[in-house]
Amino acid sequence: MIQIQDKQILIDGEARMVMAGEIHYFRVAREEWEQRILLLKEAGCNAVASYIPWLWHELPDGTIDVTGATRAERDIGAFIDLCAEHGLWFVARPGPFIMAELKNEGLPFRLYTDHPEIVPVGWDGKQAPSRTVDYLAPAYLDECRRWFGAVLPLIARRLQPNGGNVIAVQLDNEIGMLAWVTNSPDLTDDLVADFARWAVARHGGDAPYPLSGNAIRTPGEEGAGVLRQDLAVFMRDRFRRYVEELRTMAEAQGVTDVPFLINIHGTEGGSGEPFPIGVSQLVDTYAGVPGMLSGSDHYMGDMTLNTTTDLYVINAFMDAVHGPGQPTTSLEFEAGSGDYGGGIDNQYDPSTVDLKTRRSLAQGNRAINYYLFAGGINPPLEEPVGDGNDRISFTGERHGTAAPVGPEGQKGMTYAATARVVHAVRVHERWLSRMEEEHDGVQLGLVLDAYATEYHHPDSAVMTEVVDDLQRHRGAGPRRALVRSMLLGGYRFPAVHLQRDEPTGVVALSTGRHLSPEVQQGLVDHLTRGGGLLLLGRVPDRDLEGRPCTLLADAMGVSGADLTWGADHYYPSAVASGWAAPWPETRVGWFQALEHERGEAVLHDVDGAVIGIDVEVGAGRAILLAAELPSDVGLFGRALRRLGAAPGLEFSAAVPGIFATTSATADGERMLHLTNISGHDNPVTLTLDGTMLGDGALVVPPRTSAFLALGLDTPVGRVEWANAELIEVGDDRLVFGPPLGGRTTVVLDTVPGTEVVATAGSDEVAVARDGDVRTFTAPAGSPLVLTLTPA
């Protein structure tokens, strides 16, 4: 039985972490399937995931082979059963779209020739440059019904509640992504007619823009701002309807009582900044919908300061839009070395997969699917099409050259790191599967419509101005300064969905001039109630359609001039005053001169123009910093403290790159998640809730992360503190790995009536006693082993 509740995944009543790896059975010779599965199992994973490509299983005559009648590698049931034989769960991903670097994104070629009406046109009536289709075209849905009718019955027979090992089924993949990345909305005749009906209903019978097909595809400036926003909102609903169609088809084939998954796209060019575009597009398909789970799909390269910031925002924003009890997961979690083309063009540090995994789990991810875990060989198409390689994929013969397991089944450069972190997760599963991140009194503001930027006509000045402004200011802020400063300052924070939920405490928000009336009024109400607001960016003075809207600015008594940008031979710089000082004169990319009726000026440009204010609004307080500032732990920390939000976890590090947070279970067990992404040994002093952790002498090795006990219940006793990670938890013993600096120290509250014997190889272990509490100290050379014995 699979249950989703309290942000946990319960399998047969037990909270579990699903640690999966993607193995494409169709790219691996059947006689090699078991070898790949065994490598995955050796790495510690407890599940296999795989796309199931329609393109591969449908033959040129239109018949569908899912039993291996025409080729052994088409026997998907046999592959799932082999996973079950090795005690592994299975996550089925049958499309219809699957991407996976397949031609037509995994759809048969026949669909495009048999049903040309499903192929969209976009702006100006130009044919879509990708292989997308109109998701709700009747002919396409009929074909999907046929595909699901062939493949899903064998999945249904193997569902975990039916005694099998399939624990989840993904519906389609990266829905809407192709239209976003090409800025080519699906504008078939049927879709435009559907949109016109929707627009009339939305605007009370009088849409503010022409509704003919040509007018939508080639919009004028009249109503262009409203049209851009309307298209995004309309497509959210259309994607919802598409997923409902697929779910109905799946349930008709017996797929019930397991979660349906939605894979969210959005990273681009190694950046996680645009990821919430996918959340914006797909939110209505899963958020708060019973039986649905969402998963991230991100490719951001090496673990850097930017990547760490983006990953935190991705997880926080995903969690913010969820309904009660829905956990975050990742359905495509990058595990490769970066050499995706096999040309030795790129290489990530192998530790990256370890660091990203641990940071995501600290924020409450309950499932990770490493993509791609094992590479393979792209088989030929059954019928050549003369496209240069006549294989199912455009990547060539070999596929997955960067994966932890290479195309020929060899261990790759990230295999050891992947195995290391998965084994650590399995050791800590009893806690990680139930823990949620602890938070300070600050929330990161999410304006979901700020990410509804996937469609804008390139010739529309109105659309382009709004989109450029939103892209420049949203999320982590310009230069990621807002979120990065908070993270490096020790703040632990969730995001708040400002278009849906009432914020509490202090809201940290980066915004440009375009902000909807509803969000502006919500922030005014928050301030009036006594809340705090840290606003980074320019004064909001327009709504998302480009019309004047100054609700928030009026409440703050502020207005702004045009932006002053840096240019050749002009170097705008900011200086601080009041509580913001001391702060060195700092170069900024741009600033906005402010006129303010009240409050205190806290930032100026070097010529005296006010560019930052602190102002009371109702019972609350707002701070506006109207400049493109660099990350600065001191400045942003002082602003947040001024608003009443202090970090419960404080640390000082020798080198930037320490990230830390804590998580806890409902019954009070706690864990410290400590990460050093720098390439240096990093001494760090940590204080939690005013108490120093350990002896203040932690040293985190380069590119290292650890789960450290802050009160974990074990069979041997409660581990109140350890400066070393647990590497084994047995029924009567605990084993700790290398300490973070100096000697291994473990503080254990023992079980009354028992004794604990401590060994560390041939080294002597010092024991200090305080009632039932024992403090064990040992040299760093050997693992510290604590064994439970009768008193």
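Our structure's up above, just so we're on the same page.
Residues numbered from 1 in each chain as written. Predicted model: local features only at pLDDT ≥ 70, side-chain atom pairs only at ≥ 80, totals over all residues. Heavy atoms only, no water.

Asker: Outline the overall build of the chain, listing residues and values.
Answerer: Secondary structure assignment for the chain yields 19 helices and 41 strands. For 791 residues, the compact-globule estimate of 2.2 N^0.38 gives 28 Å, and the C-alpha radius of gyration of the chain, at 27 Å, lies within 12% of that figure. Projecting the C-alpha coordinates of the chain onto the three principal axes gives extents of approximately 80 × 75 × 45 Å. Counting every position in the chain, which comprises 791 residues, the buried fraction comes to 63%. Long-range pairs, those at least 24 residues apart, make up 72% of the contacts in the chain between residues at least 6 apart in sequence. (Helix = DSSP H or I, 4+ residues; strand = E, 2+ residues; numbered from the N terminus. Rg over C-alpha atoms; globule rule 2.2 N^0.38 Å. Buried < 20%, exposed > 50% of the residue type's maximum accessible area, 1.4 Å probe, protein only. Contact = heavy atoms within 4.5 Å.)

Asker: Which residues make up the nonpolar core, and what values go with them?
Answerer: Of all hydrophobic cores here, the largest spans 242 residues; its most connected members are Phe-79, Tyr-140, Ile-155, Tyr-370, Leu-629 and Phe-736. With near-sequence residues (within four places) excluded, Leu-629 lies in contact with Pro-478, Arg-479, Ala-481, Leu-536, Trp-583, Val-588, Leu-603, Leu-635 and Phe-636. By size, the runner-up hydrophobic cluster in this structure holds 18 residues, among which are Phe-651, Leu-686, Leu-688 and Val-700. (Core = buried A, V, L, I, M, F, W, Y, C linked by side-chain atoms within 4.5 Å.)

Asker: Lay out the sheet that holds strand β16 (residues 495-497) with the relevant residues and their values.
Answerer: Here 9 strands make up an open sheet; going across it, the order is β16-β15-β17-β18-β25-β24-β23-β20-β21 and the pairing mixed. In this open sheet, the two edge strands, each paired with only one partner strand, are β16 and β21 (586-587). The pairing of strand β24 (residues 610-617) with strand β25 (residues 620-625) spans 6 bridges and is classified as antiparallel. The residue bridging Gly-612 from the neighbouring strand is Leu-625, located in β25. Running over the sheet, helix α16 (residues 481-488) touches β15 (442-446), β17 (506-511) and β18 (532-537) and is turned about 145 degrees from β17. (Pairing = 2+ DSSP bridges. Axes fitted to C-alpha atoms, helices over the stretch in contact; angles between N-to-C directions.)

Asker: So, the packing of helix α11 (residues 305-321) against helix α12 (residues 351-362): which residues are in play, and what are the values?
Answerer: As a packed pair, α11 and α12 sit with axes 10 Å apart at the nearest point and diverge in direction by 35 degrees. The crossing of α11 and α12 is right-handed. Residue-level inspection shows Thr-307, Thr-308, Leu-311, Tyr-312 and Asn-315 of α11 in contact with α12, the latter providing Lys-356, Arg-359 and Ser-360. (Left-handed = near helix turned anticlockwise from the far one by under 90°.)

Asker: Go over the sheet that holds strand β14 (residues 436-437), please, and point to the residues and values.
Answerer: By way of backbone hydrogen bonds, the strands of a sheet pair with one another, either parallel or antiparallel. The antiparallel open sheet is built from 4 strands, whose spatial order is β14-β27-β28-β32. The open sheet has two free edges, formed respectively by β14 and β32 (704-709), since each of these has just one partner strand.

Asker: Now, about helix α13 (residues 415-427): what can you tell me, with residues and values included?
Answerer: Within an α-helix, residues lying three or four positions from one another point in the same direction, as the helix has 3.6 residues per turn. Here α13 is 13 residues long and its end C-alpha atoms lie 18 Å apart, about the 18 Å a rise of 1.5 Å per residue gives. The set of residues buried in α13 consists of Tyr-415, Ala-417, Thr-418, Ala-419, Val-421, Val-422, Ala-424, Val-425 and Val-427. (Expected span 1.5 Å × (residues − 1).)

Asker: Any chance you could break down the environment of Gly-364 for me, citing the residues and the numbers?
Answerer: Tracing the sequence through the fold places Gly-364 in the loop between α12 and β11 (365-374). Along the sequence, Gly-364 and Thr-182 sit 182 residues apart, while their C-alpha atoms lie 33 Å from each other. In this view, Gly-364 contacts Thr-328 and Met-435; residues no more than four positions away in its chain are not counted.

Asker: Talk me through the pattern of salt bridges; I want residue IDs and the actual numbers.
Answerer: One pass over the full model with this rule turns up 62 salt bridges. Its salt-bridge partner being Arg-146, residue Glu-143 comes within 4.0 Å of it at the nearest N-O pair. Residue Glu-143 and its partner Arg-146 are both found in helix α5 (residues 138-156); the two are separated by 3 residues, about one turn of the helix. Its relative accessible area of 10% is what places Glu-143 among the buried residues. Of the charged contacts in the structure, one is a salt bridge between Arg-217 and Asp-189, with a shortest N-O distance of 2.8 Å. Here the residue Arg-217 occupies a position in helix α8 (residues 213-217), and Asp-189 occupies one in helix α7 (residues 189-202), the gap between them amounting to 28 residues. Asp-189 gets classed as exposed once you look at its relative accessible area, which sits at 60%. Members of the salt-bridge network, linked through shared partners, are Asp-134, Asp-194, Arg-197, Asp-237, Arg-238, Arg-240, Arg-241 and Glu-244. (Salt bridge = Lys/Arg side-chain N within 4 Å of Asp/Glu carboxyl O.)

Asker: Would you mind going over helix α3 (residues 76-85) in detail, with residue names and values included?
Answerer: The element α3 is extensively covered by neighbouring structure, given that 7 of its 10 residues are classed as buried. Along α3, the residues that are buried comprise Ile-76, Gly-77, Ala-78, Phe-79, Ile-80, Leu-82 and Cys-83. Positive backbone phi, at 75 degrees, marks Gly-87, one or two positions downstream of α3.

Asker: Give a detailed account of unusual backbone geometry, specifying residues and quantitative values.
Answerer: Pro-96 follows Gly-95 through a cis peptide bond whose omega is 15 degrees. Tracing the sequence through the fold places Pro-96 in the loop between β6 (89-93) and α4 (110-114). Here the bond from Ala-581 into Pro-582 is cis, since omega is 0 degrees, no more than 30 degrees from zero. Mapped onto the elements of the fold, Pro-582 is located in the loop between β20 (573-576) and β21. A positive phi angle is found at Asp-689, which is not glycine, with a value near 50 degrees.

Asker: Hey, could you go over the state of the cysteines for me, with residue numbers and the actual values?
Answerer: This structure, assessed with the given rule, holds 0 disulfides. Looking at Cys-83, it has no disulfide partner, and the nearest cysteine sulfur is the one in Cys-45, 11 Å off. (Disulfide = S-S within 2.5 Å.)

Asker: Just give me the short version of the environment of Gly-690, but keep the residues and values in it.
Answerer: Its place among the elements puts Gly-690 in the loop between β29 (682-688) and β30 (691-692). Judged by relative accessible area, which is 67%, Gly-690 ranks as exposed. Expressed as a C-alpha distance, the spacing of Gly-690 and Glu-650, which sit 40 residues apart in the sequence, is 8.4 Å.

Asker: Break down the side chain of Asp-440 for me, citing the residues and quoting the values.
Answerer: With respect to the element layout, Asp-440 can be found in the loop between β14 and β15. Look at Asp-440 and you get buried, because its relative accessible area is 12%. Not counting chain neighbours up to four residues away, the residues in contact with Asp-440 comprise Gly-490, Tyr-491, Arg-492, Ala-646, Pro-647 and Gly-648.

Asker: Go over the environment of Arg-426, please, and point to the residues and values.
Answerer: On the secondary structure map, Arg-426 appears in helix α13. Looking at Arg-426, the relative accessible area reads 32%, which means it is partly exposed. Along the chain, Arg-426 and Cys-45 lie 381 residues apart, while their C-alpha atoms are 8.5 Å from each other. Not counting chain neighbours up to four residues away, the residues in contact with Arg-426 comprise Arg-16, Gly-44, Cys-45 and Asn-46.

Asker: Now, about the side chain of His-514: what can you tell me, with residues and values included?
Answerer: As for its position among the elements, His-514 is in the loop between β17 and α17 (517-528). For His-514, a relative accessible area of 2% translates into the label buried. Within the structure, the side chain of His-514 is placed 2.8 Å from the side chain of Asp-469, a separation counted as a polar contact. Each residue touching His-514, except ones within four places of it in the same chain, is listed here: Glu-465, Val-466, Asp-469, Leu-470, Arg-542, Asp-543, Leu-544 and Gly-546. (Polar contact = N/O pair within 3.5 Å; in protein donor to acceptor, adjacent residues only side chain to side chain.)

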